[in-house]
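Working through the structure, step by step
Residue-level listing of the chains:
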Amino acid sequence: MSRQKIIRRLLYLRNWEFANIFLLPAFLYFTLVRLNIPDWQPFAYSMFVLCVILAQGTFYWHLKLQSVYKNTLDLPSYFKQTFTTFKWMNVTLLSMYPIFMIANRITPFIPFQVSFWSNALFVFVILEQINYYHYQLSHDNLSDIRFLIKYKRIRRSPLYVDLQRASNRVQEQTAG
């Protein structure tokens, strides 16, 4: 893939992740209002976590884009620590949803009445976490589809690969 195509792809990924931070909550709000859904808290919480992950994705694609502009494969020195922290912060945020569900059943003071659709949104948020930090679940270009057909498996996500590369670099520096 040419440098210009890589830049266009990274710009597309960064800009759409950023736009979705605003578009998806607006869509959810209008849907909840239009359908007059009274128990909005689980939807709002899931959307909040999704937007946090999308913001991390925007930042990641921006750093990748900057590395292409600078003609280097290296990401900034703070990359590994920052995204490792983000990853565990996301796990904590994701674990709060079932805690809120249980708390809602125990006490009336926590309004968190879930439904099939709020749980579906939450599952989507979990899949987005997996898509960023573990395995590439989205296949939106020909290269991704070719890989899937050729190797009959999904590949590790770019963020996962970069975190592994950064970990290996740190290990090499401390060993050497």
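Let me sum up the structure you'll find in this document. Since we're looking at a predicted model, the values are computed, not measured.

Definitions and limits used
- Residues numbered from 1 in each chain as written.
- Predicted model: local features only at pLDDT ≥ 70, side-chain atom pairs only at ≥ 80, totals over all residues.
- Heavy atoms only, no water.
- Helix = DSSP H or I, 4+ residues; strand = E, 2+ residues; numbered from the N terminus.
- Buried < 20%, exposed > 50% of the residue type's maximum accessible area, 1.4 Å probe, protein only.
- Contact = heavy atoms within 4.5 Å.
- Areas by Shrake-Rupley, 256 points an atom, 1.4 Å probe, with all protein chains shown as cover.
- Lys, Arg positive; Asp, Glu negative; His and termini not counted.
- Charge placed at Lys NZ, Arg CZ, Asp CG, Glu CD.
- Expected span 1.5 Å × (residues − 1).
- Bend = angle between axes of the 7 residues up to and from the residue.
- Phe/Tyr/Trp six-rings, centres within 6.5 Å; stacked < 30°, edge-to-face > 60°.
- Lys NZ or Arg CZ within 6 Å of the ring centre and 35° of its normal.
- Salt bridge = Lys/Arg side-chain N within 4 Å of Asp/Glu carboxyl O.
- Axes fitted to C-alpha atoms, helices over the stretch in contact; angles between N-to-C directions.
- Parallel < 35°, antiparallel > 145°, perpendicular 65-115°, else oblique.
- Left-handed = near helix turned anticlockwise from the far one by under 90°.
- Nonpolar A, V, L, I, M, F, W, Y, C, P; charged D, E, K, R; others polar.

With that settled, consider the overall build of the protein. Scanning the protein from N- to C-terminus turns up 6 helices and 0 strands. Each helix and strand of the protein, placed in order from N terminus to C terminus, yields the pattern α-α-α-α-α-α. In terms of overall dimensions, the protein has C-alpha extents of about 55 × 40 × 30 Å along its principal axes. Within the protein, the fraction of its 176 residues that count as buried is 35%. Looking at the protein alone, contacts between residues at least 24 apart form 67% of all its contacts between residues at least 6 apart. Surface exposure of the protein reaches about 11,300 Å², of which carbon and sulfur atoms provide 66%. One finds the centroid of the 19 positive side-chain charges in the protein at a distance of 6 Å from the centroid of its 8 negative side-chain charges.

Take helix H1 (residues 3-34) next. For H1, built from 32 residues, the straight-helix expectation of 46 Å at 1.5 Å per residue is met to within 8% by its first-to-last C-alpha distance of 45 Å. The sharpest bend along H1 reaches about 35° and sits at Asn20. Here H1 has its buried residues at Ile7, Leu10, Leu13, Arg14, Glu17, Asn20, Ile21, Leu28 and Leu32. Tucked inside the fold, the buried residues of H1 contact helix H2 (41-69) and helix H4 (116-133). Asn36, located one to two residues past H1, shows a positive phi value of around 55°.

In the structure shown here, the tally under the stated rule is 17 aromatic pairs. Relative to Phe100, the ring of Tyr45 has its centre 5.3 Å away and its plane inclined at 85°; by these criteria the two rings are edge-to-face. Taken together, the positions of Tyr45 in helix H2 and Phe100 in helix H3 (residues 79-106) put the pair 55 residues apart, joining distant regions of the chain. When its relative accessible area of 24% is taken as the criterion, Phe100 is described as partly exposed. A network of ring pairs unites the aromatic residues Phe59, Tyr60, Trp61, Tyr78, Phe79, Phe83 and Phe86 as a single cluster. For the cation-ring pair, Arg155 lies above Phe147, with the distance from its terminal atom to the ring centre recorded as 4.2 Å. In this arrangement the basic side chain of Arg156 is found over the ring face of Tyr160, its NZ or CZ atom lying 3.9 Å from the centre.

Should the charged atoms of two oppositely charged side chains come close, the side chains can pair. Scanning the entire structure with this criterion turns up 3 salt bridges. Residue Asp162 is joined to Lys64 by a salt bridge in which the shortest nitrogen-to-oxygen separation is 3.0 Å. Separated by 98 residues along the polypeptide, Asp162 in helix H6 (residues 158-175) and Lys64 in helix H2 bring together distant segments of the chain. Each member of the pair Asp162 and Lys64 is classed as buried. Salt-bridge contacts for Asp162 lead to Arg165; the nearest nitrogen and oxygen are separated by 2.8 Å.

On to the packing of H2 against H4. The N-to-C vectors of H2 and H4 enclose an angle of 20°; their axes lie 9 Å apart at closest approach. Classified by the angle between their axes, H2 and H4 sit roughly parallel to one another. Crossing of H2 against H4: the hand is left-handed. Every residue of H4 that contacts H2 at Pro42, Phe43, Ser46, Met47, Val49, Leu50, Ile53, Leu54, Gln56, Gly57 and Trp61 is listed here: Trp117, Ser118, Leu121, Phe122, Phe124, Val125, Glu128, Gln129, Tyr132 and Tyr133. Among the residues forming the contact of H2 with H4, the class breakdown is 15 nonpolar, 5 polar and 1 charged.

Peptide bonds are, in most cases, trans, and in most cases residues other than glycine have a negative phi. In this structure, Asn36 takes a positive phi of about 55° despite not being glycine. Summarising the element assignment, Asn36 is placed in the loop between H1 and H2. Accessibility expressed as a relative area gives 63% for Asn36, which makes it exposed. A positive phi angle, near 55°, is found at Lys152, a position not held by glycine. Along the chain, Lys152 falls in the loop between helix H5 (142-151) and H6. On the basis of relative accessible area, Lys152 is assigned to the exposed category, the value being 72%.

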